[in-house]
Amino acid sequence: MTHDIDIARIAALVGEPARAAMLLALGDGRALPAGELAACAGVSAATASGHLAAMREAGLLDAKQQGRHRYYRLASAQVGALLESLMLVAAQNPARAASSRVDPLLQAGRTCYSHLAGRLGVSICDGLLARGALHIEDDLAHFTPLGLALLDDFGLDTRALRRQPVSKTCIDWSERRHHLSGPTGVAWYRRCVELGWVRRHLDSRAVSVTKTGAKGLAASFGSAFTATI
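Residues numbered from 1 in each chain as written. Predicted model: local features only at pLDDT ≥ 70, side-chain atom pairs only at ≥ 80, totals over all residues. Heavy atoms only, no water.

1. Examining the sheet that holds strand 6 (residues 134–137)
Logical step 1: Strand order in the open sheet formed by 4 strands is 6-7-8-9, and the pairing between neighbours is antiparallel. This sheet does not close on itself; its edge strands, each paired only once, are strand 6 and strand 9 (178–180). Going across the sheet, the axis of each strand differs from the next one's by a mean of 35°, ignoring polarity. (Pairing = 2+ DSSP bridges. Helix = DSSP H or I, 4+ residues; strand = E, 2+ residues; numbered from the N terminus. Axes fitted to C-alpha atoms, helices over the stretch in contact; angles between N-to-C directions.)

2. What to know about empty space enclosed by the protein
Logical step 1: As enumerated under the stated definition, the model contains 2 cavities of 30 Å³ or more in all.
Logical step 2: In this structure, the largest cavity is lined by His115, Leu116, Gly121, Ile124, Cys125, His179, Leu180, Gly185, Trp188 and Tyr189.
Logical step 3: Of all the elements in the fold, those that place two or more residues in the lining of the largest cavity are strand 5 (115–117), helix 8 (118–130), strand 9 and helix 11 (182–194).
Logical step 4: By volume, the second largest cavity amounts to about 40 Å³.
Logical step 5: Together, Leu24, Gly27, Gly80, Leu83, Glu84, Met87, Cys112, Tyr113 and Arg205 line the second largest cavity.
Logical step 6: Ranked by residue count, the leading element in the lining of the second largest cavity is helix 5 (residues 77–91), at 4 residues.
Logical step 7: Class assignment for the residues of the lining of the second largest cavity results in 5 nonpolar, 2 polar and 2 charged. (1 Å grid on protein atoms, 1.4 Å probe; cavity = no way out; pocket = protein on both sides within 12 Å on 5 of 7 lines; lining within 4 Å. Points joined across faces, edges and corners; volume = space filled by probe spheres on them. Nonpolar A, V, L, I, M, F, W, Y, C, P; charged D, E, K, R; others polar.)

3. Details of the packing of aromatic side chains
Logical step 1: Applying the stated criterion across every chain, the model contains 2 aromatic pairs.
Logical step 2: Each ring, one from phenylalanine 154 and one from tryptophan 197, has its centre 5.5 Å from the other, and the planes form 50°; the classification is tilted. With phenylalanine 154 in helix 9 (residues 145–154) and tryptophan 197 in the loop between helix 11 and strand 10 (198–200), the pair connects residues that are 43 residues apart, well separated along the chain. For the residue pair phenylalanine 154 and tryptophan 197, the accessibility class agrees, reading buried in each case. (Phe/Tyr/Trp six-rings, centres within 6.5 Å; stacked < 30°, edge-to-face > 60°. Buried < 20%, exposed > 50% of the residue type's maximum accessible area, 1.4 Å probe, protein only.)

4. A closer look at the packing of helix 9 against helix 11
Logical step 1: Between helix 9 and helix 11, whose axes approach to 11 Å, the crossing angle comes to 35°. Of the residues in helix 11, those in contact with Leu150, Leu151 and Phe154 of helix 9 are Trp188, Arg191 and Cys192.
Logical step 2: Residue classes in the contact of helix 9 with helix 11 are distributed as 5 nonpolar, no polar and 1 charged. (Contact = heavy atoms within 4.5 Å.)

5. With respect to the pattern of salt bridges
Two side chains bearing opposite charge may form a pair once their charged atoms approach each other closely.
Logical step 1: A full pass over the atoms with the stated rule returns 7 salt bridges.
Logical step 2: Residues aspartate 152 and arginine 162 are paired through a salt bridge, measuring 2.4 Å at the closest nitrogen-oxygen approach. Here arginine 162 lies in helix 10 (residues 159–163) and aspartate 152 lies in helix 9, a separation of 10 residues in the sequence. (Salt bridge = Lys/Arg side-chain N within 4 Å of Asp/Glu carboxyl O.)

6. Digging into unusual backbone geometry
Logical step 1: Unusually for a residue other than glycine, aspartate 138 sits at a positive phi of about 55°.
Logical step 2: Considering the arrangement of structural elements, one finds aspartate 138 in the loop between strand 6 and strand 7 (140–143).
Logical step 3: Here the phi dihedral of aspartate 139 falls at roughly 65°; this positive angle occurs in a residue that is not glycine.
Logical step 4: Residue placement: aspartate 139 occurs in the loop between strand 6 and strand 7.
Logical step 5: The exposure class assigned to aspartate 139 is partly exposed, which follows from its relative accessible area of 41%.

7. Notes on the layout of surface pockets
Logical step 1: Considering only enclosed or pocket space, the second largest pocket measures out at about 350 Å³ in volume.
Logical step 2: In terms of lining, the second largest pocket is formed by 17 residues, of which the most central are Ala77, Ala81, Lys168, Cys170 and Ser181.
Logical step 3: Every element with two or more residues in the lining of the second largest pocket is listed here: helix 5, strand 8 (166–171) and helix 11.
Logical step 4: For the lining of the second largest pocket, the leading source of residues is helix 5, giving 7 residues.
Logical step 5: Grouping the amino acids of the lining of the second largest pocket by side-chain chemistry returns 8 nonpolar, 7 polar and 2 charged.

This is the structure:
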């Protein structure tokens, strides 16, 4: 019965619209101050403070004090995965399908707890599949020797993958197909940023592909990638 009560408590916290908006704003792994989260949720500072305290107590958020400001972030990748799973289920709800609309920028490309999602993340995964670099089984990406060589050429550290050539994946909530997640997905996103292939929007989880990125991604994966910035 204790487990049932804990699940109900977490579900109630995540299900409240203002708290859900704050959690989604933190879904790319960034830490944000309370004032910005209050604005994202459309609530007062006092109301936001109460919500944030409740989510910290439940283990959904961590907080760090820097000077006069306290910054909040998701407590773990598991919380990020929970949000993505809920969004996937919500997107499949036929009662909501007609009235809801995915932000085109987020659908084109976004971060999902520090890895790439949306059409961009799915297209990269599709490109790796098409090249025989990996195959997906039970929602895990299994890299082939060709895939490991490709990751080396891309500039990723593959030492851990060579011991166990497996990466986590997520079912993308807007595209309904797999994108890479876990440490490999995070490293992939960071490398794309380092190369100047993608740029993050400052006020949302959306990311855009640069002209250099479109050429680089197409050359790496043999698929068409369109610059969005």
